[in-house]
Amino acid sequence: MTIPPKTSRRDFMKVAAAATGGLFLGFNWAGAATEPMTLLSSGAPSPADINFNSYLSIAPDGVITIFSPNPELGQNIKTSFPMIVAEELDADWSKVKVIQAALDTKRFERQLTGGSGAIPHSWERLRKAGATARQMLMEAAAKKWNTSASSLTTSDSMVIHPDGKKLSYGELATEAATLTVPSDVKLKDRKNFKLIGKAINNVDNKDIITGKPIFGLDFYREGMLYAMIQRPSGFGMKIKSVDAAAAKAMPGIVDVIPYKNNVAILGKSTWQVMKARKVLKVEYEAESQIESTEDHDKLFKELLDKGEATVRRKDGDVDAAFKGAAKVVKSEYQCPFLPHAPLEPMNFFAHVKEEGVELIGPCQLPDNARNDVAKALGIAPEKITLELTRLGGGFGRRLKSDFVVEAAEVSSLAKAPVKLIWSREDDMTGGSYRPAVRYRFEAALDKDNNLIGYKLRGVGINAGNCTREDNFPSGAVDNLLIESVEHKSPITTGAWRAPITNFLAYAEQSFIDEVAMAANMDPVQFRLNLLDRAKQKPVGAIKYDIDRMKAVIQLAAEKSNWGKNKSLSQGFSVYFSHRSYVAQVAEIEMKKGVPELKKIIAAADCGIVVNLSGAYQQVRGGVVDGLGHAMYSRLTFKDGAADQKNFNSYRLIRMKEVPEIDVHFVDNGIDPTGLGEPALPPTGGAVANAFFKATGKRLRNQPFILQDEMKGVKLEEKM
Amino acid sequence: MANYKLNINGKTYEADVDADTPLLWVLRDNFGLLGAKYGCGIGQCGACTVHLGGTAVRSCSLPVSAIGTKKVVTIEGLSINGDHPVQLAWEEKDVAQCGYCQAGQIMSAAALLSKNPKPSEDQIQSAMNGNICRCGTYHRIREAVLLASNKIK
């Protein structure tokens, strides 16, 4: 881990100016109640601020500015990152100002949102950034007081002398910033944390609740054109001909530009562009195979039986184990395609000029977006600046930069600043979906009900490796075979919150429940026994931490009074994803023969919790996400086109459908291991297992609401 | 195109737009009032919720020509300093994750409480069920509506 080099104030201002491309102009019409969006260019610290490192500067009035480099999409990073810096700095949190940094690969490492990795990767770096500045402030105070820095303490942005006199960070900043940056600083003992572990409110709350323009779709630049793109009608289709005459003649339309396999419509307002799009005449033709959901259902069965599989993991002799088995359990699980459906549709601002390209908007991988634009336009990445707005959700969709490249291409063609907007229909039909997958599981039990063989074969559509071969129960079974088959389709797929595990966990944890039932074992005890076995006699590589997994299982069992309330049907599930562990218990109560989902209890181990408020909601939100999609959502295809095009036919979970959710954290003091995704995967399995306990019926396909097992069953709408 | 004079947040705004232009896009593109959000365009997600004559409406599906002299209130006009009881409750409960849906959620909640200051949990759920939160902050939304209800004496 290296500390970013100390830049001089002057260098820093150069960096800031280069990153923003000059003055930002906002709305200029009379009567507009809204201030322009606060970007780095307008929200940067005043020149009086003293810069300490990439992350923080301190003004003489004591205001501390902390830059948050990673894209904020609701994971609360814009609050949690600065908390970590402020903790080690011993800053007065009420005087901390947070600014979203523009893309700057020289100043920041891993400036992205994905893989639940921001805090685990930056934890030490952020702490050192705060601790280093604190040390320098203490040394500056020591000089003034003619004493040694080690005799001083700090609190609330003050350096304190043993005799009680104080100097504020603001008073010390100018002097402190001239001192040599210490190469080795002592970090706080966890027991002295004042901010970390507390519930700290989102730093953008005020802007959010007053409707300030902070999202990409809110960005406005005087003179910009609004643009939408008509794309091919389905996957495997291409545009055959375009008649743009009627669209071009519509009011407010500036141009209609066919390019590549797209038609760009540019105009003076969003609605005018949307209207013109309706009269644009486009004919399409097939360019490759055209697929429907019906074809996929047949394909899954064929490929499960005889598809060419890639062996992902093989332990022992599976054939022999199954031959000698006293009992064999076998079942299949299937999950549909899903769009990400963040509530803010894809959009980006681009201004391609001779001297360079300006990009402003919401994306999860800004560095990739810049490089992709550079490639598409044939220019050097150094000529491109990218500023981040807040993201109205991402869920993995904004890891791709297709919409950023589109904005730049259209700006380049139109020779104008352009804000590219996707409609909801574009978002639903535009691809990059969670892949559809079907799994076949088989388990062999010996006469004493020991699990002696385990097979998993997954078939995915553009899913790559749809297994996680080294995850539980691998390592706990002597004879094991995990393989995957991939069908290549024109339907595009991408990472979707907790990629692969968002459906694999449901399938696997449901199947483990089936095996526990076949073995006449309590499902919690069954899992604990397997983990004990993996600990005592590990088979092959084990890439999960057995003790951490056991601890979340035990915590969830304890908090749910597992098995003790006979009027409740409880279902259990546990999963390791990314770097963290989450166990969940779903509780269904039968009311007059109708199962009612009452509660989900979640126990999470993400290491040290940075922000209790954010973390608690991150787990609850993950559970709601996992429940909603397992229960209600699917995307189907007819002749290469998505059937569900908006929220009238594509169902997302709503308030009435959400049960009570309790959240508990394991307190083990290890460095943070991430929480953006890990709470989602276990939910589907916990609910399906509770449903089985309540009704004796297995939910082997998602969405649950459409399964035969749910016929005549009403999951009551209850909070 | 026709000229429309609208009473929004107590001020008069004017726009030359087509009669079928949804209020949402007039607010956003013509008046620079960007608090109401575009989520679906068909009145299904509630991100665009504003008040029309005191009632919560989906501005994405409301043509500008249908408004007439009725008063429009957007999130920007809900309070002067962001201190409407609903806004304060949202802040106190730390409701938002990504935040995109929250202006619409707040407008739905404020309309509910203006008509029914002490709603039951069922009434809250019915009033709020048209607003989707993709991040899943529903528990805190419900808690914040209850808190706001307590703040309104």
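Here, every reference points to the structure presented above.
Residues numbered from 1 in each chain as written. Chains lettered and ligands numbered in written order. Predicted model: local features only at pLDDT ≥ 70, side-chain atom pairs only at ≥ 80, totals over all residues.

J.: Quick question: what am I supposed to make of the overall build of chain A here?
T.: In terms of regular secondary structure, chain A is built from 18 helices and 27 strands. A compact globule built from 719 residues should have a C-alpha radius of gyration of about 27 Å, and chain A, at 28 Å, falls within 12% of that. Overall, the C-alpha framework of chain A stretches about 80 × 80 × 50 Å when taken along its three principal axes. Looking at chain A residue by residue over its 719 residues, the buried ones come to 56%. For chain A, contacts bridging at least 24 residues in sequence account for 77% of all contacts bridging at least 6. (Helix = DSSP H or I, 4+ residues; strand = E, 2+ residues; numbered from the N terminus. Rg over C-alpha atoms; globule rule 2.2 N^0.38 Å. Buried ≥ 20, exposed ≤ 12 C-beta atoms within 10 Å, placed from the backbone. Contact = placed C-beta atoms within 7 Å.)

J.: Would you explain the overall build of chain B in this entry?
T.: The helix and strand inventory of chain B stands at five helices and five strands. The secondary structure elements of chain B, listed N-terminal to C-terminal, are β-β-α-β-β-β-α-α-α-α. For 153 residues, the compact-globule estimate of 2.2 N^0.38 gives 15 Å, and chain B sits close to it at 15 Å. The C-alpha extent of chain B, read off along each of the three principal axes, is 45 × 30 × 25 Å. If you take every contact in chain B between residues at least 6 apart in sequence, the share linking residues at least 24 apart comes to 59%.

J.: Hey, could you run me through the pairing of strand β20 (residues 451-461) of chain A in this one?
T.: For a regular strand, side chains alternate in direction, first toward one face of the sheet and then toward the other. Residue and element names in this part refer to chain A. Taken across its 11 residues, β20 has 11 buried, putting it largely inside the fold. When β20 meets strand β21 (residues 479-487), the two strands line up parallel, connected through nine bridges. Following the sheet pairing, G458 is matched in β21 by S484. (Pairing = 2+ DSSP bridges.)

J.: Before we go on, may I ask you to explain the nonpolar core in this structure?
T.: Proteins that are soluble and globular tend to have nonpolar side chains buried together. Residue and element names in this part refer to chain A. Residues A227, I265, L359, V552, A602 and A604 are the most contacted members of the largest nonpolar core, which totals 271 residues. Element by element, the count of residues in this core is highest for helix α4 (residues 118-145), at 11 residues. Apart from residues no more than four positions distant in its own chain, V552 is found in contact with V574, Y581, V582, A583, A603, A604, D605 and V666. (Core = buried A, V, L, I, M, F, W, Y, C linked by C-beta atoms within 7 Å.)

J.: Help me out: how do you make sense of the interface of chain A and chain B in this one?
T.: Accessible area lost when the parts come together is the quantity often used to give the size of an interface. Taken together, the contact pairs 51 residues of chain A with 52 residues of chain B. The biggest single contributor to the side of chain A that touches chain B is helix α17 (residues 612-632) of chain A, with six residues. Looking at the side of chain A that touches chain B residue by residue, the classes come out as 23 nonpolar, 18 polar and 10 charged. (Nonpolar A, V, L, I, M, F, W, Y, C, P; charged D, E, K, R; others polar.)

J.: I would appreciate a short explanation of the sheet that holds strand β6 (residues 158-160) of chain A in the present structure.
T.: Across a sheet, strands are paired by hydrogen bonds formed along the backbone, either parallel or antiparallel in direction. All names here are of chain A. With antiparallel pairing, the three strands of this open sheet are ordered in space as β5-β6-β7. Two strands bound the open sheet, and with one partner strand each, they are β5 (153-155) and β7 (166-168). Across this sheet, the average inter-strand angle for adjacent strands is 25 degrees, counted without regard to direction. Judged from the three bridges that link them, β5 and β6 form a sheet pairing that is antiparallel. Residue pairing across strands places S155 opposite M158, the latter belonging to β6. Against the sheet, helix α5 (residues 169-176) engages β6 and β7, with an angle of about 70 degrees to β7. (Axes fitted to C-alpha atoms, helices over the stretch in contact; angles between N-to-C directions.)

J.: So what exactly am I meant to see when it comes to unusual backbone geometry here?
T.: Trans is the common state for peptide bonds, and a negative phi is the common state for residues other than glycine. All names here are of chain A. Looking along the chain, the bond that leaves F472 and enters P473 is cis, with omega of 5 degrees. With respect to the secondary-structure elements, P473 resides in the loop between β20 and β21. Here the bond from Q702 into P703 is cis, since omega is 0 degrees, no more than 30 degrees from zero. Position of P703 relative to the elements: it lies in the segment after α18 (682-695). Even without being a glycine, I500 presents a positive backbone phi close to 65 degrees. Mapped onto the secondary structure, I500 falls in the loop between β21 and α14 (501-518).

J.: How should I be thinking about helix α15 (residues 523-536) of chain A in this particular structure?
T.: In an α-helix there are 3.6 residues to a turn, and that puts residues three or four apart on one side. All names here are of chain A. Between its first and last C-alpha atoms α15 spans 20 Å; for 14 residues at 1.5 Å apiece the expected length is 20 Å, and the two agree. Looking only at α15, the buried set comprises P523, V524, F526, R527, L530, L531 and A534. All buried residues of α15 fall inside an arc of 165 degrees around its axis, so they share one side. Looking at the buried side of α15, the elements it contacts are β20, α14, α16 (546-559), β22 (568-577) and α18. (Expected span 1.5 Å × (residues − 1). Arc of directions from axis to C-beta.)

J.: Looking at this structure, I do not really get the environment of P672(A). What am I missing?
T.: All names here are of chain A. Here P672 shows up in the loop between β27 (660-665) and α18. For P672, a count of 22 C-beta atoms within 10 Å puts it in the buried group. Beyond its immediate sequence surroundings of up to four residues, P672 is in contact with I119, P120, W123, C606, G607, I608 and V610.

J.: Any chance you could explain the sheet that holds strand β18 (residues 418-421) of chain A here in plain terms?
T.: All names here are of chain A. Taken in spatial order, the seven strands make up an open sheet running β10-β11-β8-β18-β15-β16-β17, and their pairing is mixed. The strands lining the two open edges of the sheet, one partner per strand, are β10 (253-259) and β17 (384-388). Averaged over all pairs of adjacent strands, the angle between their axes in this sheet comes to 20 degrees, without regard to strand direction. Relative to β18, strand β8 (residues 225-230) is paired through three bridges, and the arrangement is parallel. When the sheet's bridge partners are listed, L225 is paired in β18 with V418. Packed onto the sheet, helix α8 (residues 270-279) meets β8, β10, β11 (262-267) and β18 and runs at close to 25 degrees relative to β8. Taken strand by strand, helix α11 (residues 366-377) contacts β15 (347-353), β16 (356-361) and β17, and its axis lies near 145 degrees from that of β17.

J.: I keep staring at the packing of helix α2 (residues 85-92) of chain B against helix α3 (residues 102-115) of chain B and nothing clicks. Help me out?
T.: Relative placement of two packed helices is described by the angle separating their axes and the distance separating the axes. Residues and elements named next belong to chain B. Contact geometry for α2 and α3: axes closest at 9 Å, N-to-C directions at 130 degrees. When the axis of α2 is compared with that of α3, the two are oblique. For the crossing formed where α2 meets α3, the hand is right-handed. Residue-level inspection shows V86, Q87 and W90 of α2 in contact with α3, the latter providing Q102, I106, A109, A110 and L113. (Parallel < 35°, antiparallel > 145°, perpendicular 65-115°, else oblique. Left-handed = near helix turned anticlockwise from the far one by under 90°.)

J.: Is there a simple way to explain the pairing of β17(A) in this structure?
T.: Residues and elements named next belong to chain A. For β17, a buried count of five out of five residues is recorded, marking the element as mostly surrounded by other parts of the structure. Here β17 shows no split at all, with I384, L386 and L388 on one side and T385 and E387 on the other all buried. Two strands pair when backbone bridges link them, and β16 and β17 are joined in this way by five bridges, in the parallel orientation. Bridge pairing in β17 places L359 opposite L386.

J.: Explain the environment of N3(B) here, please?
T.: Residues and elements named next belong to chain B. Relative to the elements of secondary structure, N3 occurs in strand β1 (residues 2-8). Judged by local crowding, N3 falls into the exposed class, with 8 C-beta atoms found within 10 Å. Sequence-wise, N3 and E14 are 11 residues apart; in three dimensions their C-alpha atoms are separated by 6.9 Å. When sequence neighbours within four positions are dropped, the list of residues in contact with N3 reads E14 and D16.

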